[in-house]
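Understanding the architecture of this molecule
Now for the letters of each chain:
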Protein chains: 2
Amino acid sequence: MGEFDLIARYFTRPTPNAALGVGDDCALLQPGPGMQLAISCDMLVEGRHFLSTVDPGKLGHKALAVNLSDLAACGAKPLAFTLALALERADEAWLAPFSRGLLALADLHGCELIGGDTTRGPLNICITVFGEVPAGQALLRSGARAGDDLYVSGTLGDARLALDVFRGTQSVPAAVFEQARARMEQPTPRVALGLALRGIAHAAIDVSDGLLGDLGHILDASGVGAVVDTSITINLIAACQDSTRVTALFDADTQLGYVLAGGDDYELVFTAPASKRDAVHAAAEQAQTPVTRIGHIEAQRGLRLVDAQGRPVSVQHLRSFDHFA
Amino acid sequence: MGEFDLIARYFTRPTPNAALGVGDDCALLQPGPGMQLAISCDMLVEGRHFLSTVDPGKLGHKALAVNLSDLAACGAKPLAFTLALALERADEAWLAPFSRGLLALADLHGCELIGGDTTRGPLNICITVFGEVPAGQALLRSGARAGDDLYVSGTLGDARLALDVFRGTQSVPAAVFEQARARMEQPTPRVALGLALRGIAHAAIDVSDGLLGDLGHILDASGVGAVVDTSITINLIAACQDSTRVTALFDADTQLGYVLAGGDDYELVFTAPASKRDAVHAAAEQAQTPVTRIGHIEAQRGLRLVDAQGRPVSVQHLRSFDHFA
C-alpha cells in the first residue's frame, strides 16, 4: 500500500464544514461571519504520550481528544483538523483501528479531517485542530479576577495512577486499574462544558501537565493568586471514590499527589465570578459534566494550598510535568 | 532549559496578524471578510526529508519553505503557522540556529508563529501553515482544461542531484554540488508567483515528489491529459545550465530523470489558457520568478512525453517519490 492509497483508504472522508478537504495542496476553511478560528496543535510520541502496547483505536481517540480538549478550554466549537503521521511502515492492522478510533471521536464532535501528511519515520502523531468561537468570546488563561471561584471538571489523577501501575511503581485492584486505564487511554474532551461556559467563566485551561502546573498558567497569565482547598481536591481521584472499599488505596500524600500533579487528565480548570455560581451549575448540567468548586482567586500572587480549616498545606515534592525538565 | 523556557526563548514573538498568538490553549485567527483560510501541513523526519548533518538554520528554513510552497500552489497569502517539534533534547546549539532560520523565512513572508507543541522524541518537525485567499479564487489541482498551456517555475532536479551526491551515487564538480545543495537545503517557496497567478492559472500544484507525479495529480483531479516536451524540460536542471562547461555532466536519460522525477523542488507546475500567455509572463515578471512553458493539456487522459518533433519519449524507469512504496 502506497502513501496515496493509505490516505484514500483510511483518511479521506466527506467534509461538509470545509470548502475543500483532503486532496489538494491546501484545505480551505471559512469561519462564519464574526467568528474567530481557534487553533491548537499537539504532537504525540511513543513512550512519552502513549505506551507502545496501547490499542491503536484508543490511540486514535486520544490523539484527537487531547486536541479537542484545547478547543474546549477556549470555548470553541470543533470544526476540522489536520493529521500528520509518521509510521515505521504502512501497517493496515494498525491503520484500520487507529483511523476508526480517531474518526469515531471526530464524528462525535462534528470535527472533519481536512488534510495532513504521511511519512515513514518513528511513530509520531501530530494533529492541528480548528474550532470557531465568536470574536471576543474565547475563554483565555488571562481572564481570572480576584474574588473568582475556582472550579475543575470531572476527576483528576487517574491517568497518572494507571501509568504508575504500567510502570510497576504502583499496585491497585484490577477493577480500579481498568477504570484508571480508561481515563489514561481514552480521555473525554470537555467540549460541551467549554461551550456552555462561554460568557460565564472568566478564565480556563485544560489539565494536561497536572492541576497545579496548569492552574499556575492561569495565575501567571492573569497576574493573580489562588487558594485551593486540598480537603476537596484530594477526593477528586475516581480510583478512591469507591465507598464500599474498606481500606484506603494510598496514603493521603500519594493520593493528593495524583490529583494535584498527575497530568494527562484533560479536565477543565476554570474561574468564574462568585455571582455566577448558579450559571456555572446550569452549564455543568447542560454539558452533563460534573464540576467541583475547589477554591478561589485572590489578588495576592502565588498558589496557596489549604486544608478544610484554611491552614496551609505543604506539597513541596509535587511538580508539574515538563517534557524537557 | 525546560519546555516553557524553550518556547519563550526561541518561539514566542509578536503576532500582529493573529488575534492571539503563542501562550494560551489555542491561538485565534480571523481571516478578513470574504476570505477563506488555506491550510496545509507537512511533517519532516530525519533521514527521510533531511540529513542528520544538515545545518539547523537551513533546516528551519526548509521546514517552513515546504509548507509555504503549498500556500503558493493555492495562491494563498501566508498569515501564520504552528510548529510542533519533537527533539531528543533541548539543545540550545541546535535550537538557536533552527529558530533563526525558521523565523527569518517567516518574517520574509509575514507569516507568524502562533502556536505549537514541543516534546521529547526522535527529531520530527511538523508545521501547519495558514494563508488567506478570496473565496473562490484558490488555485486548485482540479481546474486544468484541454487546451491549457502547461508551465513550470524555476529549475527542477537539482535537489535530487544533491541528495545523490550525498549518498555517493553521483559525482559532480564542487561548484555544481554547492549550487544543487542550496536547492535541496534551502528551497524558495514560490509565494509571489502563486499570488500573481490568481485569476490567470486554471490549476496549480507544487513539485515535491517529482514533476511527473505531481503533474499527475493535476491530471487526475481535472480529468484531463498532458503532453510534455522533454526537449524543453531536460534543460530545466540548473546543474546543466553552465554554458562554459565543455562536457555534459550526465547522459541525457539521467538528466531527464532528475528533472522529471527528482522531487524536493518546490517549484510550481500550473496550467493557464493559451489566451493568457501575456498575463502569465507579466505574473512571472511581477513575481521575479522565471517560468517555462513545457507543454499543454489535452482532453485525452494520460501523460505523454514527446521530443522536439512531437515523437513519443519513453521514460518507464521514472517514478515519483512515495513515502511507503
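Residues numbered from 1 in each chain as written. Chains lettered and ligands numbered in written order. Predicted model: local features only at pLDDT ≥ 70, side-chain atom pairs only at ≥ 80, totals over all residues. Heavy atoms only, no water.

Turning our attention to the side chain of Asn-67 of chain B. Looking at where Asn-67 of chain B falls in the secondary structure, it is placed in helix H2 (residues 56–74). Not counting the four nearest positions on each side in its chain, Asn-67 of chain B is found in contact with Ser-40, Cys-41, Asp-42, Ile-127 and Val-129 of chain B. (Helix = DSSP H or I, 4+ residues; strand = E, 2+ residues; numbered from the N terminus. Contact = heavy atoms within 4.5 Å.)

Residues and elements named next belong to chain A. Counted at 1.5 Å a residue, the expected span for helix H7 (residues 211–222) with its 12 residues is 16 Å, and the 16 Å between its end C-alpha atoms agrees. The buried fraction of H7 amounts to 10 of the 12 residues, a majority that puts the element mostly inside the structure. Regarding H7, the residues found buried are Leu-211, Leu-212, Gly-213, Asp-214, Leu-215, Gly-216, His-217, Ile-218, Leu-219 and Ser-222. One or two steps after H7, the chain reaches Gly-223, where phi turns positive at roughly 65°. (Expected span 1.5 Å × (residues − 1). Buried < 20%, exposed > 50% of the residue type's maximum accessible area, 1.4 Å probe, protein only.)

At the junction of the two partners, chain B supplies 68 residues and chain A supplies 68 residues. Between chain B and chain A the total buried area reaches about 5,100 Å² when both faces are included, carbon and sulfur atoms providing 60% of it. Counting every contact that joins chain B to chain A gives 2 salt bridges. A salt bridge links Asp-25 of chain A to Arg-141 of chain B; the shortest N-O distance between them is 3.5 Å. Counting across the interface, chain B meets chain A through 14 residue pairs in polar contact (both at pLDDT 80 or more). Top contributing element to the side of chain B that touches chain A by residue count: strand E2 (residues 35–45) of chain B, with 10 residues. Its residues placed into classes, the side of chain B that touches chain A shows 38 nonpolar, 17 polar and 13 charged. Note that strand E1 (residues 27–29) of chain A and E2 of chain B share 3 bridges and pair antiparallel. Its bridge partner lying in E2 of chain B, Leu-28 of chain A is registered against Ala-38 of chain B. (Buried area = accessible area lost by both parts, 1.4 Å probe. Salt bridge = Lys/Arg side-chain N within 4 Å of Asp/Glu carboxyl O. Polar contact = N/O pair within 3.5 Å; in protein donor to acceptor, adjacent residues only side chain to side chain. Nonpolar A, V, L, I, M, F, W, Y, C, P; charged D, E, K, R; others polar. Pairing = 2+ DSSP bridges.)

All names here are of chain A. A large share of strand E8 (residues 225–229) lies buried, amounting to 5 of its 5 residues. Both faces of E8 are covered, namely the face carrying Gly-225, Val-227 and Asp-229 and the face carrying Ala-226 and Val-228. Sheet analysis places E8 next to strand E11 (residues 302–306), joined by 5 bridges and oriented parallel. Within E11, the residue paired with Ala-226 across the bridge is Leu-303.

The next point concerns the sheet that holds strand E3 (residues 77–87) of chain A. Taken in spatial order, the 5 strands of this open sheet run E4(A)-E3(A)-E5(A)-E2(A)-E1(B), and their pairing is mixed. Strands with a single pairing partner mark the edges of an open sheet, and in this sheet they are strand E4 (112–120) of chain A together with strand E1 (27–29) of chain B. Across the sheet, the axes of successive neighbouring strands diverge by a mean angle of 20°, strand direction being ignored. The pairing of E3 of chain A with E4 of chain A spans 8 bridges and is parallel. Considered in E4 of chain A, the bridge of Leu-85 of chain A is made with Thr-118 of chain A. (Axes fitted to C-alpha atoms, helices over the stretch in contact; angles between N-to-C directions.)

Let's shift gears to the pattern of salt bridges. All names here are of chain A. Within this structure, the stated rule accounts for 24 salt bridges over all chains. For Glu-185, the salt bridge identified is with Arg-181, shortest N-O distance 3.2 Å. You can see Glu-185 and its partner Arg-181 sitting in helix H5 (residues 174–185), 4 residues apart, about one turn around the helix. The partner of Arg-190 in a salt bridge is Glu-267, with the nearest N and O atoms 2.8 Å apart.

With that settled, the discussion passes to the domain arrangement of chain A. Residue and element names in this part refer to chain A. Looking at the assigned domains, one finds that chain A contains domain 1 (3–134) and domain 2 (141–306). On the domain 2 side, the residues contacting the 20 residues of domain 1 number 18 residues. Taken together, both faces of the contact between domain 1 and domain 2 bury some 1,600 Å²; the carbon and sulfur share is 62%. The interface formed by domain 1 and domain 2 includes 2 salt bridges. Residue Glu-185 is joined to Lys-58 by a salt bridge in which the shortest nitrogen-to-oxygen separation is 3.6 Å. Along the contact surface separating domain 1 from domain 2 lie 6 residue pairs in polar contact (both at pLDDT 80 or more). Contributing elements (two or more residues each) for the side of domain 1 that touches domain 2: helix H2 (56–74), E3 and strand E5 (124–134). A breakdown of the residues in the side of domain 1 that touches domain 2 according to their chemical character gives 11 nonpolar, 4 polar and 5 charged. (Domains from an automatic or database assignment.)

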